[in-house]
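# Working through the structure, step by step
Listed here are the chains, written in short residue letters.
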Amino acid sequence: MTTTHSRTAGKPAPGTEPPDGGRPERRPMTASRRENRAGLAFVTPTFLVVLVVVLIPIMWTVLLAFQDAKLVDIQGMGVFGNWTLENFADVFGSAGFWSSLVTTLIYTAGSTVGSVLLGLVAALALRRPFRGRGLLRGSMLLPYVAPVVAMAFVWEVALSPQYGVVNEWGKSLFGWDDPIAFLSTRDYEVSLLGWHFDIPLALLTVIAFEIWRYFPFAFLFLLARLQAVPDGLEEAATVDGATISQRFRHILLPQLMPVIALLCVLRFIMSFNKFDDVYLLTGGGSGTDVAAVRVYDFLTSRYDVGAAAAQALVLAVILMVLLGLYFKFFAKRVQEES
Amino acid sequence: MTRAQFEERFFGAARWVVIAFLALITLVPFYYMIVLSLKPIDSLLVDPGSIWVGAKDLTTQTYRDVLKPTSEGGQGFLQFMLNSALVSLGTVALTLAAAVPGSYAISRLKFFGGRQVSAMFLAVYLFPATLLAVPLFVMFARAGLSKSLVGLAIVYVAQTLPVSIYMLKNYLVTIPQSIEEAAALDGCGRLQTVRRVVLPLALPSLMATGLYVFMIAWNEFLFALLFLVADPDKWTVSLGLAQLSNGIEVSKTVLMAGSVILTIPVVLLFFAAERLLTEGLTSGADKG
């Protein structure tokens, strides 16, 4: 303290400060300049790391997508050159691109809606205290925090037609005739009331896995938001004779809507790019060839870096277009409703 | 019965059904995992429907098998755990070191381009991992890092940095500015203020962020697969389990023991710091 005071009180060094009363006006200016300098100094290391490990790689993906690049000759290749559009022709023209896109969209939409919905139901059920709520709340987050490899392995074993518990119980409880290969059946024929139709069993199973793994995420956010809703609103509505469903529809839901919308967007982005879950459960076979698994295949089985980059880029662009549409048409409405 | 009464009863009952269902779907898979890890493979094959383990079947041989190094006929999970721990702890240290100054700057200081940088840190989060996978794979192949744990840790920093900055920033804005002003009056420089005042106050958030980063790194699979698949000595636990479960040589119950070993560290850490973590993640959510 003494040092700061003595410095400001002491005589300015000759030549650095104007002798007249110019100092009082310049003071706030120097303070903000100093803050500006400090801000830049603090942000620079972080920015550099982000630049090197995130931004440059992303820009390089864009370059690679337009280059003829195989992994074997990438060592000697320059960053520029070898321009080609063939990668995109490869991506769009390859067998299964469009069907894989449809699969990705079904997978993404199904798991997004499912996990947010289940998370909402869970948050509503656990809203009021009961014995053991804390414990259940903690354990419900387990599927989300546990390693995906372990969880996928447990599901794989449990659903296995040879030694899985699900098929064994299905046989004894529901009288299934044959074990069902959940993860390797593309179309499973069901007959209901005399109608026969096929359901994409493997795809539904991976969607179920994704919902199971990520509903805790939605649950966590929705519960936090629910507990911030003031009690007075609901009490007033109860006095006015509103039933539970009416209170939910007209009081809770509008309050939750912004969080639900945000969760849907986040989950959509995450699921759209999801690789691990599908790859571990089915390897992308049996009608579950989501786009992220295709990127991996391009990269590792064909060593075609250019095509993999192009595929990843196409995916990112599609995702951005979808998000753009969402923000253009729906984001405003959600805001208004709430 | 009026509609209100009916709904009262219906939802009152439905609530307990939902709670029971949720408890079932979240706990049973973990219970199943532990039970299978404790029995020999024969008893699983004889009776796949059984969901407990009898006293005469109970064995810990599976755990011994999975942990022993490959040279002694085991699966070498001890080595995998060491690799995973090294990569994860390295990632936590690097990520926090990189995230702290940036998040402090964007939460506290007004500077030229501050808002743009802050938006950029968030936007980076939107880019898919697959988009990063290709160039990082090539970059590290060139730098000779593609088969090393260091390279993997760097990739994980890229994956966790944006969310870490976001979490830390959310916490730092809640520390009152006046505390820092007091420190400045007492003669602390900017750097000293951060080190002596802000960081100790932000310790809960630093721990929460560090734990979250640790979990992401420990659980990660795609990049471990891309970088290290050819080199079994450097496999992480996740990668080791995934690779071994593809084959048929290793029995499923031994691998179940591997899953338990893979899961336990994160679950223990999570329960130790549950409140810290859930608050760190959702802070801001309750403000609408």
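What you are looking at is a predicted structure, and each value in this text was computed from that prediction instead of being measured. Every residue gets a number counted from 1 within its own chain, in the order that chain's sequence is written. To read the labels, note that chains go from A and ligands from 1, taken in the order they are written. The predicted origin of the model limits local features to residues at a pLDDT of at least 70 and limits the giving and counting of side-chain atom pairs to 80 or more, whereas totals for whole chains, interfaces and linings rest on all residues.

So, on to the interface of chain A and chain B. For every residue pair, C-beta atoms are placed from the backbone, and the pair is scored as a contact if these atoms sit within 7 Å. With 77 residues of chain A at the interface, the matching set in chain B holds 87 residues. Helix numbering and strand numbering both begin at the N terminus, where a helix is a DSSP run of H or I of at least 4 residues and a strand a DSSP run of E of at least 2. Looking at the side of chain A that touches chain B element by element, the count peaks at 20 residues for helix α2 (residues 23-65) of chain A. Across the side of chain A that touches chain B, the residue classes break down as 56 nonpolar, 17 polar and four charged. In this classification, Asp, Glu, Lys and Arg are treated as charged, Ala, Val, Leu, Ile, Met, Phe, Trp, Tyr, Cys and Pro as nonpolar, and every other residue, Gly included, as polar.

It is worth spelling out the UniProt feature "transmembrane region" (unreviewed entry) in chain B at this point. Residues and elements named next belong to chain B. Mapped onto this numbering, the UniProt entry annotates "transmembrane region" (unreviewed entry) at residues 12-34, 85-107, 119-143, 149-168 and 250-273. Summarising residues 85-107: 100% helix, 0% strand, and an end-to-end C-alpha distance of 31 Å. Counting secondary structure, residues 250-273 comes out at 88% helix and 0% strand; the distance between its end C-alpha atoms is 35 Å. UniProt positions are given in the numbering used here, feature names are shortened, and annotations may be inferred rather than shown by experiment.

Residue and element names in this part refer to chain B. Annotation comment: domain bounds sourced from an automatic or database domain assignment. One can read the domain layout of chain B as domain 1 (3-67) and domain 2 (70-287). Here domain 1 and domain 2 have C-alpha centroids that lie 31 Å from each other. Contacts between domain 1 and domain 2 engage 13 residues on the former and 14 residues on the latter. Only α1 (3-37), α2 (41-46) and α3 (61-67) provide two or more residues apiece to the side of domain 1 that touches domain 2. No other element matches α3, which puts five residues into the side of domain 1 that touches domain 2. The residue inventory of the side of domain 1 that touches domain 2, partitioned by class, reads nine nonpolar, two polar and two charged.

Next up on the list: the nonpolar core. Ranked by size, the top nonpolar core spans 171 residues in total, and within it V149(A), A218(A), V134(B) and V157(B) carry the most contacts. Per-element tally for this core: the top contributor is helix α9 (residues 201-226) of chain A, with 18 residues. Counting residues domain by domain, this core receives three or more from each of domain 1 (3-67) and domain 2 (70-287) of chain B. Leave out the neighbours within four places in its chain, and V157(B) touches V49(A), V53(A), T91(B), L94(B), T95(B) and A98(B). For the purposes of this analysis, a nonpolar core is taken to be any set of buried Ala, Val, Leu, Ile, Met, Phe, Trp, Tyr and Cys residues that are connected through C-beta atoms within 7 Å. With C-beta atoms placed from the backbone, a residue is labelled by how many other C-beta atoms lie within 10 Å of its own: buried for 20 or more, exposed for 12 or fewer, partly exposed between the two.

So, on to the packing of helix α5 (residues 133-140) of chain A against α1(B). α1(B) packs onto α5(A) with a crossing angle of 45 degrees between their chain directions and a minimal axis gap of 9 Å. With respect to their mutual orientation, α5(A) and α1(B) come out oblique. In terms of crossing hand, the pair formed by α5(A) and α1(B) is left-handed. Along its contact with α5(A), which presents L136(A), S139(A) and M140(A), the element α1(B) presents I19(B), L22(B), A23(B), T26(B) and L27(B). Structural elements are reduced to axes, namely lines fitted to C-alpha atoms, with helices fitted over the stretch in contact, and the angle between N-to-C directions of any two is expressed from 0 to 180 degrees. We call two directions roughly parallel when the angle between them is under 35 degrees, roughly antiparallel when it is over 145, roughly perpendicular when it lies between 65 and 115, and oblique otherwise. Less than a right angle of anticlockwise turn of the near helix away from the far helix marks a crossing as left-handed, whereas a clockwise turn marks it as right-handed.

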